[in-house]
Amino acid sequence: MRGRRDIIQPDKERRVRASDTEVLIPTSAAQAVEAFGDGRGVTVFAGGTILMPEIAYGRYPAGGRTLMLERAGLDEISGDGTLKIGAMARLSMLTASGVEPLASAAGNIADIEIRAQATVGGNLCAPPGAESPRGDLQAALLAMGARVRSAGAGSEGVDSIDEFVAGAGAEPRLVLAIEVERPRRAAFLSQRRPHAHSYAVMSVACAETGDAIRVAVGGAGPRAVRLTAVERALADGSAPTQAGAKALDDVEPQDDALASAWYRRSVLPTLVTRALEQLQGG
Ligand SMILES: Cc1cc2nc3c(=O)[nH]c(=O)nc-3n(C[C@H](O)[C@H](O)[C@H](O)COP(=O)(O)OP(=O)(O)OC[C@H]3O[C@@H](n4cnc5c(N)ncnc54)[C@H](O)[C@@H]3O)c2cc1C
């Protein structure tokens, strides 16, 4: 795309060619998978809260195909024990679901307008930002042991969230849905500046599913990371403070425009300890 003029309103046509970019507007999940193909040369457009500023700054990829998911019917949240969350479910829907720690993680992102537009698929697939971390739902989904249904070259399939986050960017995937079980107990804490438009510096999510507690941090590196040393310490019976002291064993915090690596290293053990205390108190 060469700029704002190339953005067209979806109309009744399923395919519209605007200058050198083909805009695809599937009306079902099956059509979306077919249009995505192996994903090469395709830009997936969900809520657009990351992509619209890219367009405004003239950084949107020129040419290729844009796959707009708005009408693909991927926006439902269904199920009781196992929750199936369509990739186009808005962050505001996650907040309203009350399923922790996902609801708190979603409610902590940006402001009410962004949350009404931004999607869970877009958050999970958000490329790491140059100035600040993105993808705040990743830590909550890692803590919950979520599964990700996606399509791309070869096939449609389901990966654990750990595999999906670790392999992100290796090959293009179209996220269709996320499945999670409701944890027995959960906690979420984040460190941010008191401004609705600022990104969180770091966030910590913990969840007890089955007989284990999973803990993850977002914002310390380009993608969220599971804190397995903290989890092992908890399994061995350590108190929150001792377990929280292991927070830096699995992650090497980074510098960005929001905070220095030093600040993140200093804060993370306390953030983890407080999240664990919240979990144990809940
Ligand atoms: C003022 C402001 C504050 C913000 N604060 C935060 C914050 O605190 N924390 C945070 O995490 N984010 C924040 N964001 C970023 C953003 O709003 C969220 O990450 C949001 O969830 C992105 O979702 P989207 O649907 O808008 O994504 P889009 O902009 O549509 O897409 C984002 C990326 O994901 C890809 N993508 C989208 N859907 C899929 C899919 N189904 N399958 C494969 N790839 C897909 C797109 O191709 C693109 O690369 C903020 C944004 C703004 C403007």
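Residues numbered from 1 in each chain as written. Predicted model: local features only at pLDDT ≥ 70, side-chain atom pairs only at ≥ 80, totals over all residues. Heavy atoms only, no water.

A. Structural context of the site of the ligand. Of all residues adjacent to the ligand, which total 29 residues, the nearest are Val44, Gly47, Gly48, Thr49 and Thr119. Here Ile50 contributes a backbone N or O atom positioned 2.9 Å from an oxygen atom of the ligand. Asp136 places a polar main-chain atom, nitrogen or oxygen, 2.9 Å from an oxygen atom of the ligand. For the ligand, whose accessible area on its own is 990 Å², the fraction buried by protein is 92%. (Near = heavy atom within 4 Å. Polar contact = N/O pair within 3.5 Å; in protein donor to acceptor, adjacent residues only side chain to side chain. Areas by Shrake-Rupley, 256 points an atom, 1.4 Å probe, with all protein chains shown as cover.)

B. Helix 1 (residues 29-36), seen in detail. Buried within helix 1 are the following residues: Ala32, Ala35 and Phe36. An end-on view of helix 1 places all buried positions within 100° of arc, on one side of the element. In this structure, helix 1 carries Ala30 and Glu34 as exposed residues pointing more than 90 degrees from its buried face. Looking one or two residues beyond helix 1, the residue adopting positive phi is Gly37, at roughly 55°. (Buried < 20%, exposed > 50% of the residue type's maximum accessible area, 1.4 Å probe, protein only. Helix = DSSP H or I, 4+ residues; strand = E, 2+ residues; numbered from the N terminus. Arc of directions from axis to C-beta.)

C. Here's a closer look at the nonpolar core. Within the largest apolar cluster, 34 residues are counted, with the highest numbers of intra-cluster contacts made by Leu137 and Leu141. Where this core is concerned, the elements lending two or more residues are strand 6 (82-86), helix 3 (91-97), helix 4 (102-107), helix 6 (120-124), helix 7 (137-144), helix 8 (161-167), strand 9 (173-181) and strand 11 (200-209). The leading source of residues in this core is helix 7, at 7 residues. Ignoring sequence-local partners within four residues, the contact set of Leu137 consists of Leu91, Leu94, Leu102, Ala105, Ala106, Ile109, Val120 and Asn123. Met202, Cys206, Leu227 and Val272 belong to the second-largest nonpolar core, a separate cluster that totals 25 residues. (Core = buried A, V, L, I, M, F, W, Y, C linked by side-chain atoms within 4.5 Å. Contact = heavy atoms within 4.5 Å.)

D. Summary view of the pairing of strand 11. With respect to burial, strand 11 is a largely interior element, 9 of its 10 residues being buried. When strand 10 (residues 185-192) meets strand 11, the two strands line up antiparallel, connected through 8 bridges. When the sheet's bridge partners are listed, Ala186 is paired in strand 11 with Ala207. (Pairing = 2+ DSSP bridges.)

E. Local environment of the sheet that holds strand 11. Across the sheet, 4 strands lie side by side as 10-11-12-13; this open sheet has antiparallel pairing. Edge strands, defined here as strands with exactly one partner in the open sheet, are strand 10 and strand 13 (225-226). Alignment of strand 11 against strand 12 (residues 212-218), held across 7 bridges, turns out to be antiparallel. Following the sheet pairing, Glu208 is matched in strand 12 by Ile213. Across the sheet, helix 7 is in contact with strand 11, strand 12 and strand 13; its angle to strand 11 comes to roughly 15°. (Axes fitted to C-alpha atoms, helices over the stretch in contact; angles between N-to-C directions.)

F. Main features of the pattern of salt bridges. As enumerated under the stated definition, the model contains 13 salt bridges in all. When the shortest N-O distance is used, the salt bridge between Asp38 and Arg40 registers 3.9 Å. We classify Asp38 as partly exposed; its relative accessible area is 36%. With a shortest N-O distance of 3.2 Å, Arg147 and Glu181 are connected by a salt bridge. One end of the pair, Arg147, is in strand 7 (residues 147-152); the other, Glu181, is in strand 9, with 34 residues separating them in the sequence. Connected via shared salt-bridge partners are Asp162, Arg214, Arg226 and Glu231. (Salt bridge = Lys/Arg side-chain N within 4 Å of Asp/Glu carboxyl O.)

G. Layout of the domain arrangement of the chain. In terms of domains, the chain is made up of domain 1 (14-67) and domain 2 (77-279). Computed from C-alpha atoms alone, the centre-to-centre distance between domain 1 and domain 2 is 26 Å. The interface of domain 1 with domain 2 comprises 14 residues on the first partner and 16 residues on the second. Per-residue buried area on domain 1 facing domain 2 is highest for Phe36, Thr49 and Ile50; these three make up 39% of the total on that side. Here domain 1 is connected to domain 2 by 0 salt bridges. Between domain 1 and domain 2 we count 1 residue pair in polar contact (both at pLDDT 80 or more) in total. (Domains from an automatic or database assignment. Buried area = accessible area lost by both parts, 1.4 Å probe.)

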